[in-house]
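A closer look at the structure
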Amino acid sequence: MIWKRDSFFDRVLIFRNWPAVGFSSRSLLFLAAGLLAISPACRPSILISPNLPGVEDSLHFDTPSETWDEAIPLGNGMVGTLLWGDGAPLHLSLDRADLWDLRKVPEFYSDEYDFETMRRWHEEGNIEDQLRVYEQPYNRPAPTKIPAGRIELLFGKAEPSFKAAELRLIDAVARVELEEGTYLDTFIHATRPVGLIRSNNQPEIRLVAPDFAGEVERPASGGIDAGDLAQLGYPAPQFVQESERIAFFQEGAEGFQFAVEVGWRRVDAGWLAAWSIASTFESPNPQVMVRNRVSAALEQGWDALHFSHSEWWSRFWKASSVALPNPQLERLWFLEQYKFGSASRRGAPPISLQAVWTADNGGLPPWKGDYHHDLNTELSYWPCYTGNHLEEGLAYLDWLWDTRQEGIDWTSRFFKMPGLNVPMTADLMGRQIGGWRQYTHSATTAAWLSQHFYWHWKYSKDHEFLSSRAYPYLKEASIFLEAFTDGQDEHGKRTFPLSSSPEINDNRPSAWFPKATNYDVSLSRWLFAAAAELAAELGLNEEEHRWRKVLAELPELAAGDEGLLVAPGYPLQSSHRHFSHLMAIHPLGMIDPSNGSEEAGLISSSLHNLETLGSDWWTGYSFSWLANLQARARNGEKAEEALEIFTRAFTLRSSFHCNGDQSGEGFSRFTYRPFTLEGNFAAAAGIQEMLLQSHGDTILVFPAIPEAWEDVAFSTLRAQGAFLVSASRSKGQVDRIEILSERGGKLRIAVPPFEKVISRETTPGERIILAGPSALNS
């Protein structure tokens, strides 16, 4: 086998680099036992063992992080922290996912707010009113995500004392080493909204509240720069300070409140602190809640909480793994898996633009830290399916389900139509918050979101989820698009009253196209085909027929010499960051090389056109998405190249995707650095697409790996049909595949060059091993 680190004892050695005081023998023994003694219920295939993140995959800083976006990130989906600073002081920037200013946008509840008025204004050339009603409200400071403040720690003297910092991925613990032997360890508990800090020396500690009540020096200007926090106009926080405790209580907008507390005590090994954040979303008295949590954490102590914390991360890392001959991409995959596990957790809100790492710079977060559904949230959850983290992915689907009534109400109020659509920019409650009108009020947003419900069903084969969540969501989205496309063109095909393609032509009037865009057509065709498929699975024959009838009435995708077009007669004309016209290739999988040479050629032409137009106006996520597209085209070399550019040029040393090119190598003319997460997670998905694809009727093993990758393997990646697949390739040949069939059913699997398909029926829980040339090519 080719695993580079196939012995856990190699992993234990990394702890020897940390001072002995860092971990008790109990904690180390637990980590070893938890990672070796995998329970039968979740044990992956025996012979292809999971690869675990090692010291080379972690974050290591030899110089201090001077800004919040280059910090070490820690989180558990609900609360997060960023560890940064030079020791004079050290900063722990605090955040909680449900800290929001949720003031409504009054224009969106006015009499002039409806689709027909917007359409009429567009046709009349009335841009002023369109901007006034739909876009200018986004330039206000609220609604917005808000930060929680920070903890500052000063050890001895007010001058820099930083020596090194490290984030250890295996158990999500960060360490900072300072001069004179001082160290600090910290983690956020995996399942509790509490963070722990410990050191061998007691620091001076300060708790700093966000400056919501100061003078406004930098007003909102719209888009990326939302201006100072003080624009929100909250009252000053109320502080309580005692000998071993500091807390503050903050009133927000419209009755919203939150509280932050940090408490500490001396312990045998030095000093221990705990902190927590609570809001009125979980308790009418957040001050009492944080005090109880902090007191309980201090009472339990580091070892006990680290024990249960590590247990969660042990299970997380056992879910799937990769071993790649490209160390840069292997490290990228582990770092993105870590951030995904830190940012998405069932019971917490889903991943927003910055998740639980809201900006700590005195300002509101980039793009309000909101939920963007024209790419950002969707890409953020791409890796959870093949990556075998369905449970973490349910944080997204739970929230979409819980906020669907808001979407139904908005659809009725704005479109005056039945069914479900969803605002493209949304607050925590799923309410429209505005922005460029062609996309914030797109007709196909719910269609794209529906794909995640569909994927969860396809990857899990959970029939309860199918009947109670997946099909009902797709059905409501289909009801809306059936009504929205009710008109007919001269060929008898359904029409779109207004159609756009994110974010072609920005917010200019020309961003509305006279004919339906490939973005809208591909999403609509995908939705009705998927709704029909799910209806058939449930035996709902009349509903299946209804959706197939609508599908047959929709226009076809527009194509030309350039491949897929933006809209009929309109090819992509210049470099652009958003590949919305290529949705049919990926993520929708409607056009695929498996379908024959014509579709393979269409994909090739489309990607060649992207390459010809260049990457001048791409952002980091463009390269991540390109890797997925190239993987679907089965071009491993170009997928690898795109991912190498992404991680080299578009990530900060914190590993955060910063949108703009930081390399100075000219990959993009965007050189700004607003941090958003979708590029990170789409990159992880791109690696998985290189290793395993299952969007067709056959599982493809190693469909898009570079020829140079002679030795490569993965463990328990998840394929559609609820199959867990492990595979290894040695000396350029696939030598072993192991499959666990969770639900039973038809298995179809193939290896390069995909000339033969291995097909067989499976039973629930059956394990299948294919080893050697005869088994793999029979």
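In this numbering scheme, every chain counts its residues from 1 along its sequence in written order. Where totals are concerned, whole chains, interfaces and linings use all residues; where local detail is concerned, this predicted model gives features only for residues with pLDDT of at least 70, and gives and counts side-chain atom pairs only at 80 or more. Side-chain calculation: all heavy atoms of the structure are included, whereas hydrogens and water are not.

A few words on the sheet that holds strand β23 (residues 699-701). The mixed open sheet is built from four strands, whose spatial order is β22-β23-β27-β28. Only two strands of the sheet have a single neighbouring strand rather than two, namely β22 (692-693) and β28 (758-762). Any two strands with at least two DSSP bridges between them are considered paired. Comment: elements are numbered from the N terminus, with helices defined as DSSP H or I runs of at least four residues and strands as E runs of at least two. Bridge count between β22 and β23: two bridges; the pairing is antiparallel. Along β23, the bridge assignment pairs Leu692 with Val701.

All right, on to the confidence of the model for the chain then. The score called pLDDT rates the predictor's confidence residue by residue, from a low of 0 to a high of 100. The predicted model of the chain has a mean per-residue pLDDT of 93, with 94% of residues at 70 or higher. Throughout, a contact is declared for two residues whenever any of their heavy atoms are within 4.5 Å. Contacts of residues 1-46 to residues separated by more than four positions or lying in other chains number 98 contacts, the stretch itself having pLDDT below 50.

Let us now look at the packing of aromatic side chains. Both the distance between ring centres and the angle between the ring planes are used here to describe each pair of aromatic rings. Note on aromatic pairs: the rings of Phe, Tyr and Trp (six-membered ring only in Trp) are paired at centre separations within 6.5 Å, and the planes decide the class, stacked below 30 degrees, edge-to-face beyond 60, tilted for the rest. This model, assessed by the stated rule, comprises 55 aromatic pairs. Both rings, one in Phe256 and one in Phe258, keep their centres 6.4 Å apart while their planes meet at 35°; by these two values the pair is tilted. Residue classification places Phe256 among the buried positions, given a relative accessible area of 8%. Plain terms: the ring middles of Phe414 and Phe415 are 4.8 Å apart, the flat faces sit at 85° to each other, and that makes the pair edge-to-face. Phe415 matches Phe414 in its accessibility class, with the two residues each being buried. One aromatic cluster is present, built from ring pairs that chain together Phe108, Tyr113, Phe115, Tyr134, Trp410, Phe414, Phe415, Phe480, Phe484 and Phe496. Over the ring of Trp312 we find Arg345; its NZ or CZ atom is 3.8 Å from the centre of that ring. Sitting over the ring of Trp401, Arg404 keeps its end group 3.7 Å from the ring centre. For every residue, the accessible area (1.4 Å probe, protein chains only) is compared with the maximum for its type, and the residue is labelled buried under 20%, exposed over 50%, or partly exposed between those bounds. Should the NZ of a Lys or the CZ of an Arg lie within 6 Å of a ring centre and within 35 degrees of the ring normal, that charge is described as sitting over the ring.

With that out of the way, let us pick up the nonpolar core. Core analysis: the largest hydrophobic core is formed by 217 residues, its most contacted members being Ile151, Leu153, Phe258, Leu691, Phe714, Ile737 and Ile749. Not counting chain neighbours up to four residues away, the residues in contact with Leu153 comprise Gly87, Pro89, Leu90, Leu92, Leu184, Ile197, Pro203, Glu204, Ile205 and Trp271. Remark: nonpolar core denotes a set of buried residues (Ala, Val, Leu, Ile, Met, Phe, Trp, Tyr, Cys) joined through side-chain atoms within 4.5 Å.

Turning our eyes to something else, we now look at the pairing of strand β29 (residues 766-771). Burial along β29 is one-sided: the face carrying Glu766, Ile768 and Leu770 is buried and the face carrying Arg767, Ile769 and Ala771 is not. Of the strand pairs in this sheet, strand β26 (residues 733-741) and β29 are connected by six bridges, and their pairing is antiparallel. Looking across to β29, one finds that Arg736 is bridged to Ala771.

A word on the pattern of salt bridges. What counts as a salt bridge is simple: a side-chain nitrogen of Lys or Arg found within 4 Å of a carboxyl oxygen of Asp or Glu. All chains considered together, the criterion is met by 50 salt bridges. A salt bridge links Asp101 to Arg103; its shortest N-O distance comes to 2.6 Å. Assessed through its relative accessible area of 28%, Arg103 is described here as partly exposed. Glu544 is paired through a salt bridge with Arg548; the nearest N and O atoms lie 3.0 Å apart. Of this pair, Glu544 and Arg548 both sit in helix α15 (residues 541-553), four residues apart, which is roughly one turn of the helix.

Along the chain, Pro502 connects to Glu503 via a cis peptide bond; the corresponding omega equals -20°. Structurally, Glu503 can be placed in the loop between α13 (463-484) and α14 (518-537). Residue Pro752 is joined to Pro753 through a cis peptide bond whose omega torsion reads 5°. Checked against the element boundaries, Pro753 lands in the loop between β27 (745-750) and β28. The phi angle at Ala172 is positive, at roughly 55°, despite the residue not being glycine. Mapped onto the secondary structure, Ala172 falls in the loop between β8 (162-168) and β9 (173-178). One non-glycine residue, Trp367, adopts positive backbone phi at about 50°. The topology assignment puts Trp367 in the loop between α6 (327-343) and β18 (371-372). In this structure Trp367 comes out as buried when scored by relative accessible area, which is 17%.

Turning next to the environment of Gln630. Following the sequence through the fold, Gln630 ends up in helix α17 (residues 620-632). With relative accessibility at 7%, the residue Gln630 sits in the buried group. As a C-alpha pair, Gln630 and Leu540 span 90 residues in sequence and 37 Å in three-dimensional space. If near-sequence neighbours (up to four positions away) are discounted, Gln630 is found in contact with Leu607, Asn635, Lys638 and Ala639.

Turning to the packing of helix α12 (residues 445-460) against α14, a few remarks are in order. Remark: α12 packs on α14, axes separated minimally by 10 Å, with the N-to-C direction vectors making an angle of 35°. The two elements α12 and α14 cross, and the hand of that crossing is left-handed. Within the contact between the two elements, α12 uses Ala447, Trp448, Ser450, Gln451, Tyr454, Trp457 and Lys458 and α14 uses Tyr519, Leu523, Trp526, Leu527, Ala530, Glu533, Leu534 and Glu537. Among the residues forming the contact of α12 with α14, the class breakdown is ten nonpolar, two polar and three charged. Only the contacting stretch of a helix is used when fitting its axis, a line to C-alpha atoms as for every element, and angles between N-to-C directions run 0 to 180 degrees. In a left-handed crossing the near helix is turned counterclockwise from the far helix by less than a right angle, and in a right-handed crossing that turn is clockwise. In this classification, the charged set is Asp, Glu, Lys and Arg, the nonpolar set is Ala, Val, Leu, Ile, Met, Phe, Trp, Tyr, Cys and Pro, and all remaining amino acids, among them Gly, are polar.

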